[in-house]
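Notes for the structure review
The residues making up each chain are set out below.
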Amino acid sequence: MRCYVFPGQGTQKKGMGRSLFERFPDLRCRADRVLGYSVEELCLEDPERRLSDTVYAQPAIYVVNALHWSAAQEDLPPADFFAGHSLGEYSALFAAGAFDFETGLTLVQRRAELMSEVSGGAMAAVVGVSEQIVEETLKQHDATGVVIANYNAPEQFVLSGSREELARIKLVFEKVEGVRGFVPVRVSGPFHAPAMAPAAARYRGLLAKADVGELRTPVISNVTGRPFGPDAQEVRELLAEQIAKPVRWTDCIRYLRDAGVSVFTELSESKVLTSLIDRITTAQEPAPDLRRDLIERIKREILQPEIGDEALSFDEDASFRQLGLNSIIYVRLARRVGAVLGVPIKPDVIFQHRSCAALADYLLTRDDIAQAAVPEAPPAPLREYRDERVTALLRDCANGTLSVDRTIEAIRALARRAPNV
């Protein structure tokens, strides 16, 4: 499956769209009529250096994204999903048919004006550490006016807040182990933060009058990390909320991967999103804790049938003797270990190790039975479906790549688009 993604503010640069303005002159003329100035001159020459100004940067990026989408329609295969980062979400919605080009540009122009009116703030990217470390650092240093505005990748977050607080916290983060950078973002305000709530409230009134239609292709919302629903009012509400709420880009990409997307194409001269997607999709999942899993299995599948629910709350390091086990029970436990884990074990081994933790350690360190102690579940038989995407999702679920919940969600998303699956 394929997803086209569109970048947002911060990717603007002089010369963007150079190869496309002449190729799609009608789109250029329509943009000029809405904006009241030459967008081509702004993007290619930037004579008054306005591309650094939010009021001009956002409409310019939207127009150039639309040019790239026009080229993609001629040059590339159809998409199964669209997504856009922050401002780029408007390009994704335009591509999906939520509104026409002029409506989208008018919304973006007004959005930019409202957001630029919120002054006194800034944004900066923290690179190299986890969300937990970022949150703990902000809390420990009482940076209550600074919030995470963009969840861009597992180890890249954008902070939003006052210039003074960001300058103060910059010195703190530069001393945190693992931080590889604290980089200012090219915006003019504290976007995607509570400070933008007044702008979001005013923008909501404008959105109420916008003509929003049904999406032809699913678009992933920055606010929820899930597809926009079919209700036009939901689209309007999420676009208003997006101004003052964080961009959950990592959640967006993980949802798309779980839905079966394997090809992401950034429709832009920038490769910022491509880099972020690579970081998200290649991030290592935490290694399974085999010891912990085995301890829980001993409690649930071996002890509980013999002594009841008390086994589930039993201290893993406590002696089995505290359960009042007699020699007969040790024999039963040994037999149950053999049946559940598929390994031969004697009653005196359980007696010798005396606790869930000690028994797990014994099982995991014995080369001849360690592998059998934590067997992989056999793959469930699969029915072949007409839609090969459904079968692929079910196979990913069977082999453990996708969770059951995510598989169900992905199949439902497919069913909404093509009810015959």
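A short tour of the structure in this document, coming up.

Conventions we followed
Residues numbered from 1 in each chain as written. Predicted model: local features only at pLDDT ≥ 70, side-chain atom pairs only at ≥ 80, totals over all residues. Heavy atoms only, no water. Helix = DSSP H or I, 4+ residues; strand = E, 2+ residues; numbered from the N terminus. Contact = heavy atoms within 4.5 Å. Areas by Shrake-Rupley, 256 points an atom, 1.4 Å probe, with all protein chains shown as cover. Pairing = 2+ DSSP bridges. Axes fitted to C-alpha atoms, helices over the stretch in contact; angles between N-to-C directions. Expected span 1.5 Å × (residues − 1). Buried < 20%, exposed > 50% of the residue type's maximum accessible area, 1.4 Å probe, protein only. Polar contact = N/O pair within 3.5 Å; in protein donor to acceptor, adjacent residues only side chain to side chain. Core = buried A, V, L, I, M, F, W, Y, C linked by side-chain atoms within 4.5 Å.

Another point: the overall build of the protein. The secondary structure content of the protein amounts to 18 helices and eight strands. Long-range pairs, those at least 24 residues apart, make up 74% of the contacts in the protein between residues at least 6 apart in sequence. Accessible surface, the protein: about 20,500 Å² in total, of which carbon and sulfur atoms supply 49%.

This part is about the sheet that holds strand β1 (residues 2-6). Whether parallel or antiparallel, the strands of a sheet pair through hydrogen bonds between backbone atoms. With respect to topology, four strands assemble into an open sheet ordered β7-β2-β1-β8, the strand pairing being parallel. The outermost strands of the open sheet, each flanked by one partner alone, are β7 (219-220) and β8 (263-266). Here β1 runs beside strand β2 (residues 81-84); their pairing, made up of four bridges, is parallel. The partner of F6 across the bridge, within β2, is G84. In this fold helix α11 (residues 272-282) packs onto β1 and β8, with an angle of close to 155 degrees to the strand it touches most, β8.

Our next topic: helix α5 (residues 101-116). At 3.6 residues per turn, the α-helix brings residues three or four places apart onto the same side. Taking 1.5 Å per residue as the helical rise, α5 with its 16 residues ought to reach 22 Å, and the 22 Å between its terminal C-alpha atoms agrees with that figure. Of the residues making up α5, those classed as buried are F101, T103, G104, L105, L107, V108, Q109, R111, A112, L114 and M115. On its buried face, α5 is in contact with α1 (25-35), α3 (54-75), α4 (88-95), α8 (197-208) and α9 (232-242). The opening residue of α5, the one whose side-chain oxygen lies 3.3 Å from the backbone nitrogen of E102, is D100.

What follows concerns the nonpolar core. Residues W69, F82, Y90, L93 and F101 are the most contacted members of the largest nonpolar core, which totals 68 residues. For this core, the element with the highest residue contribution is α3, accounting for eleven residues. Residues contacting F101, with those up to four places away along its chain left out, are L27, R30, A31, Y62, V63, A66 and F94. With 25 residues, the next largest nonpolar core counts L294, I295, F314 and L363 among its residues.

Let us look at the pairing of strand β5 (residues 156-162). Of all seven residues in β5, six are buried; the element is thus mostly enclosed. Bridge count for strand β3 (residues 121-127) against β5 is seven bridges, and the pairing is antiparallel. Bridge pairing links M123 to S160 in β5. Pairing geometry for strand β4 (residues 147-153) and β5, over five bridges, is antiparallel.

Glancing now at unusual backbone geometry. Residues other than glycine seldom take positive phi values, yet S86 does so here, at roughly 55 degrees. If you trace the backbone, S86 turns up in the loop between β2 and α4. Residue S86 is classed as buried on the basis of its relative accessible area, which comes to 11%. A positive phi is found at D142, a non-glycine position, where the angle reads about 55 degrees. Considering the arrangement of structural elements, one finds D142 in the loop between α6 (131-140) and β4. A relative accessible area of 53% places D142 in the exposed class.

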